[in-house]
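# Inside the fold
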Amino acid sequence: MRRPLLLITLLFLPFASHAGPDVLRVGASDELMPILEPVVDQYQLDTHNKVLLIGGGESELTEQVRQGTPYDLLLTPLHNTAKPSQAVQCKARSMQKLTLVKGERRALATDFVDYLRKHCPDH
């Protein structure tokens, strides 16, 4: 199951740089995808904002950011860290966020994170 999802993600990755200015590009770890996918769908319906959700392993996402993949927001599971200053409390699990943009797109990323805090499902 993981391989087909990774293949699909890799196929669409080149298009991430071509996403329009109104599309929030969110990289998320595979572990969070089952939680995020339905919330993102509902977010898009509720707000009419578009989200390109790209899943991958944590090390893959980190390497992609290093190589310049234009993510606006990166979400990974919050492991036992000493300083969870960027934690997003989700009813299902805690996530660590890293906002990678400034200006107007940063406001869009912040709105999305606020939406996650309010609407994550309780599994």
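Residues numbered from 1 in each chain as written. Predicted model: local features only at pLDDT ≥ 70, side-chain atom pairs only at ≥ 80, totals over all residues. Heavy atoms only, no water.

## Remarks on the confidence of the model for the chain
- Predicted confidence across the chain gives a mean pLDDT of 76, with 68% of residues reaching 70 or more.
- Mean pLDDT across the secondary structure elements of the chain bottoms out at helix 1 (residues 2–16), with 47, and peaks at strand 2 (residues 50–56), with 94.
- Below a pLDDT of 50 lies the segment residues 13–18, which in the model reaches ten contacts outside its immediate sequence neighbourhood of four places, other chains included.
- In the model, residues 80–85 has pLDDT below 50 throughout and makes two contacts with residues more than four positions away in sequence or in other chains. (pLDDT = per-residue confidence, 0-100. Helix = DSSP H or I, 4+ residues; strand = E, 2+ residues; numbered from the N terminus. Contact = heavy atoms within 4.5 Å.)

## Here we look at the nonpolar core
- Counting 21 residues, the largest nonpolar core has V26, L36, L75, F112 and L116 as the members making the most contacts within it.
- Only strand 1 (23–29), helix 2 (33–47), strand 2, strand 3 (73–77) and helix 4 (104–119) provide two or more residues apiece to this core.
- Counting residues per element, this core draws most heavily on helix 4, which supplies six residues.
- F112 has contacts with L24, V26, V40, Y43, V51, L73 and L75, leaving out every residue within four places of it along the chain. (Core = buried A, V, L, I, M, F, W, Y, C linked by side-chain atoms within 4.5 Å. Buried < 20%, exposed > 50% of the residue type's maximum accessible area, 1.4 Å probe, protein only.)

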